[in-house]
Each structure stands twice: as structure tokens, then as C-alpha cells.
Amino acid sequence: VNSMEAKKTKIICTISDINCEIDFIRELFKNGMNVVRINSAHATIEGAQKIVDNVRAVSDRIAILVDTKGPEVRLTGMEGPVGFVVKEGDRIEIKAGTEGLCSSKILYTNCLSFVDDVPVGASVLIDDGSVELIVVEKDAARLVCEAQNGGVIKGKKSVNVPGVHISLPALTEKDKVFVNWAIDADIDFIAHSFVRNKEDLIEIQEILDSRDSHLKIISKIENQQGIDNLDEILSHCYGVMIARGDLGVEIAAERIPLIQKKLIQRCRERKKPVIVATQMLHTMIENPRPTRAEVSDVANAILQSTDAIMLSGETASGKYPVEAVRTMSRIALETEESILTPPDLTLENVTKPIAAVLARSLVGATLKLPVKAIIFDTWTGRTGRYLAEFRPKVPIYAMCYRGFIMREMALTYDIYGYPFEITESKEQFVNNAIKILVEDGKLESGDLVGFIGGSFSHEVGATYMEFTYVP
């Protein structure tokens, strides 16, 4: 039995095709990884496919998520090999057009309307804010900026203009290629970068619908527009990633912790999985141990009820990838002990009231009875999200009729999925499910388990609940 499976919070690991050997992925999986993330900004289709093949060779339960680039502004390439040094007070021009190469006095971006969109007085942040430029004058062809601090500007780095709307298409041509590849490769999630409003999501959903795909969209919230439009965004996606890196460039750093808390709360009310991402164990890229502040950060996200926590550079290019996953699993196990099941389980925004009420009753019963596990069968995973919402103390096992639903469950707190064949009767469902879990070492004779289910014969959706002892 995988000892790390006892943790309820899910862990996402970013994997690069430079380091994606089967043994490496197996090691991460053994130490608590549930989802593999592929960052399309740094990947080719061939590299991404290699990662998918190797993940599939390890387990059919690991979900795969691919990030799009989304409407992101970047500098073009650099004339020299390394970039150039700027000093405070230096004047630098940003020119219209996307064709030129950047040099020490002139910058170009990948966005055609950049000079038009950015007003005088705006703050232009290069490379996650490491260099700040203020626009002091402009004409049709260029922005004249003044450097506010010293630093180095390199090619291809990110450009943020807090509070200014830049008119970029939601999907780049490369994104479209990756979305279609993701459908062909039968992966599970697309995390769309810089989601500003529902229109950004509808464009992807139309591609998915036109190809009859089950892929689910995760919205990356990375700017003020995304926060302001959260409610409409939640209505058009499966879940949310709080991408604190770009968020911290766009929004004052001291506001991020409370924004994180609010976003998690809102996602839980809407029964949507939520991921906290960026620099969670950043020092473990270079060091075998995290800082105490990082440990607190991870624990805090879990205490705020996130479904999943994410590693980026730590596993993609860091020196201690396996240790980083193990550290995260340990923090999760320790922190989850103190998460209480709310005694006044409330229900809002539910699509299937019967399933939700049964889920609430079942979790409520686990507070009073010595229940060892909750088991449910599912076509869509919805009942599972209702169960997880109430944060029961016991593990939830999903008997999944479809493989992709089993992998989707890898993103939801406390749920572990198993492939399952449809049964004729309730009794058969209970017996088959118990048999699977006993063989997997999850249950033993005499354990009391709670069932919620109902996909027999013609009915679909949870319609009954019962308790039974493992024979």
C-alpha cells in the first residue's frame, strides 16, 4: 500500500521532457504525486507526448494537465546572447511592431497593439517585475520609458502592465495546436493562462465541443480582471488555479494571501476544485530542505481548504524533485489531522439536490459512527465533489465507470478512484466494491463502510445511502 495515499490533499508536479524517465515518474508517484503538469510554454508536441507516454506506463490513475500560454505579453528575442544591464534613470524605448530584436535601447514585444494600449504613466514590469519601467511619453510608434531600478533585461521575458487591458487573443496559434494535441492524446485537463473573463474560456470550450472531448478546463487566475470576473469564470470551467507568480506581479504582494483565501472559499462554495500554485517549496530547487516560511505556506493553503498544491521548478528542473514531493506529502499528512469536518454542513449551488443531501447525511454520520471509509459509484464525479466538500475525516473511494473520470478525481481533495464495471444490483455493487478495496489493502474484515450510489439499471445519479460491515 502506498503510504502517501493516506494524504487527502492532491499534489501536482510539473515535469519537463528533459527529465521524464519512467523510473523518475514512478518515484514521484510513490511519494504522493497525483497529477502531472506539462507547461506548453517550454514544450514541443513531441516532448509533451513523450511525457504522456511515460506517465501512462507508470499508472492509469495519474491525471495529466497541460498549460496553455494564453494572452501573455513577452519581449521578442535579444540581439546579443545574454541581455543587457540597465541602471536607474536609463531611458529605454518600446517600439510598435513585433518583428524587431531587442537591444540595449529598444525593446519589442509579441503584442501588436502594445504601444497603443499602454498609456503614459503606466508601470511596465519586465521578467516578473525584476525591472520596472515607467512610461514617460509616447507617440504612435513608440513608448519612451524610464528605468526605476537597476537590473538585467533578457529576451523572451514576461511583460506585465498592472491595471492596463492589453488586447490579445485568448488563444495563440501554438495554444490551438496544443489543445488539439491534448484531445488526441486523451489527457485530462487544460489549464488556461491569464483567464480574464468567460470569453477566454468559451473559445477553448468550442474547440473541445467541436471534437466531442471530455477534457476539462482549469482557469488560471493571474490578474485583477480574473479576480473581478471570478463568478462568470467559475460558470465556464471545471476548476481554478491560483497562479501566485503572475498574480504577485499584477497585484501588491501583501494582498495575495487574502485574495488566495477568498478565491479558495468561492471555489468551495461553487464545488469547483482549486489549486494553489507557484513557489510553494521554491528553495528546494537548490536545497534539500524547505524554509519554515515555505512549510507554513503549504500548510496554510491546506488549512484554507485547497484541493491541490503544485510544484513547478522544484520537480521540472530542481535538484531535489523526489524530496520536494515527499516534503509536501508530509506537510499535508500533518496538517490534514487538524482539519475539522464542519458540524453545520451547508449546501449551496448544487445541481443534484438528492445526491448533495445524501452526501451531507453520510459525512455527518461519520462524525458519530466508527465509519472507516466512504464509497460511491460515479459517471460524472459530481457526488464525489459534494462528499469532499464536507471534508470528512475518512477516505473517499470512487468506483468509476469511465477511465477519464477516475483521473479527474485525482484533482479533488480526499478522493481515490478505481476502475469499475457496472453492476445489475445494489448488493452486487457493494460486494464488488468491498472486494476491490480489501484486495488493495484499504479495508479489512469488520470495518464499517458508508455507501452512496445509484447507477443501476436505468437510473443514473445517487439515489440511496447505506452502511455495511466488511465481511
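Summary of the structure given here. A quick note: this is a predicted structure, and the numbers were derived from the prediction, not measured.

### Describing the packing of helix α13 (residues 353-366) against helix α14 (residues 382-389)
Reasoning step 1: The contact between α13 and α14 brings their axes to 9 Å, and the two run at 40°. Classified by the angle between their axes, α13 and α14 sit oblique to one another. Considering how the two elements wind past one another, α13 and α14 form a crossing that is right-handed. From α13, A355, A356, A359, L362 and V363 reach across to α14, where they touch T383, Y386 and L387.
Reasoning step 2: Its residues placed into classes, the contact of α13 with α14 shows 7 nonpolar, 1 polar and no charged.

### Structural notes on empty space enclosed by the protein
The method is simple in principle: a probe with the dimensions of a water molecule rolls over the atoms, and the space it marks as empty is what remains.
Reasoning step 1: By the definition in use, this model includes 2 cavities of 30 Å³ or more.
Reasoning step 2: In this structure, the second largest cavity encloses a volume near 80 Å³.
Reasoning step 3: Taken together, R268, K271, K272, P273, D307, R385, A388, E389, R391 and T412 make up the lining of the second largest cavity.
Reasoning step 4: For the lining of the second largest cavity, the element with the highest residue contribution is α14, accounting for 3 residues.

### Remarks on the packing of aromatic side chains
Reasoning step 1: Inspection of every chain in the model, using the stated rule, returns 7 aromatic pairs.
Reasoning step 2: Aromatic pair F189 and Y238: ring centres 5.7 Å apart, planes at 35°, arrangement tilted. Taken together, the residues F189 in strand β12 (residues 189-192) and Y238 in the loop between α7 (230-234) and β14 (239-243) connect sequence positions 49 residues apart. A single burial state applies to F189 and to Y238, both of which are buried.
Reasoning step 3: A ring pair is formed by F429 and F451, whose centres lie 5.5 Å apart and whose planes are at 80°; its orientation type is edge-to-face. Of the two residues, F429 is situated in helix α16 (residues 426-439) and F451 in strand β20 (residues 448-453); the sequence distance between them amounts to 22 residues. As far as the burial class goes, F429 and F451 line up, both buried.
Reasoning step 4: Three or more aromatic residues joined by ring pairs make a cluster, and in this case those are W379, Y401, F420, F429 and F451.
Reasoning step 5: For K10, the ring lying beneath its charged end belongs to Y416, and the centroid distance is 4.7 Å.
Reasoning step 6: The aromatic ring of Y413 is capped on one face by R391, whose charged end is 4.0 Å from the ring centroid.

### Some points on the sheet that holds strand β6 (residues 106-107)
Reasoning step 1: Read from one edge of the open sheet, 6 strands run β6-β5-β9-β8-β7-β11, paired in mixed fashion. Lying at the two open borders of the sheet, with one neighbouring strand each, are β6 and β11 (159-160).
Reasoning step 2: In the sheet, strand β8 (residues 131-139) pairs with strand β9 (residues 142-147) via 6 bridges, with the strands oriented antiparallel. Directly across from L133, in β9, lies its bridge partner A147.

### Looking at the layout of surface pockets
Reasoning step 1: Put simply, the largest pocket is a space of about 1300 Å³.
Reasoning step 2: Around the largest pocket, the lining comprises 46 residues; the ones closest to its centre are R37, N39, H42, T278 and S312.
Reasoning step 3: When contributions to the lining of the largest pocket are tallied by element, the ones reaching two or more residues are β2 (33-39), β14, α8 (244-250) and α11 (313-316).
Reasoning step 4: Looking at the lining of the largest pocket residue by residue, the classes come out as 14 nonpolar, 16 polar and 16 charged.
Reasoning step 5: The space that makes up the second largest pocket amounts to roughly 450 Å³.

### Some points on the pairing of β12
Reasoning step 1: The alternating pattern of β12 places F189 and A191 and I190 and H192 on opposite faces, both of which are buried.
Reasoning step 2: Here strand β3 (residues 63-67) pairs with β12 via 3 bridges, running parallel. Looking at the pairing, L65 lines up with F189 of β12.
Reasoning step 3: Bridge count for β12 against strand β13 (residues 216-221) is 4 bridges, and the pairing is parallel. Looking at the pairing, F189 lines up with K216 of β13.
Reasoning step 4: You can see the chain leave β12, run along helix α5 (residues 198-210) and come back into β13, and the turn it takes is right-handed.

Thresholds applied
Residues numbered from 1 in each chain as written. Predicted model: local features only at pLDDT ≥ 70, side-chain atom pairs only at ≥ 80, totals over all residues. Heavy atoms only, no water. Axes fitted to C-alpha atoms, helices over the stretch in contact; angles between N-to-C directions. Helix = DSSP H or I, 4+ residues; strand = E, 2+ residues; numbered from the N terminus. Parallel < 35°, antiparallel > 145°, perpendicular 65-115°, else oblique. Left-handed = near helix turned anticlockwise from the far one by under 90°. Contact = heavy atoms within 4.5 Å. Nonpolar A, V, L, I, M, F, W, Y, C, P; charged D, E, K, R; others polar. 1 Å grid on protein atoms, 1.4 Å probe; cavity = no way out; pocket = protein on both sides within 12 Å on 5 of 7 lines; lining within 4 Å. Points joined across faces, edges and corners; volume = space filled by probe spheres on them. Phe/Tyr/Trp six-rings, centres within 6.5 Å; stacked < 30°, edge-to-face > 60°. Buried < 20%, exposed > 50% of the residue type's maximum accessible area, 1.4 Å probe, protein only. Lys NZ or Arg CZ within 6 Å of the ring centre and 35° of its normal. Pairing = 2+ DSSP bridges. Right-handed = clockwise from strand over helix to strand, strands pointing away.

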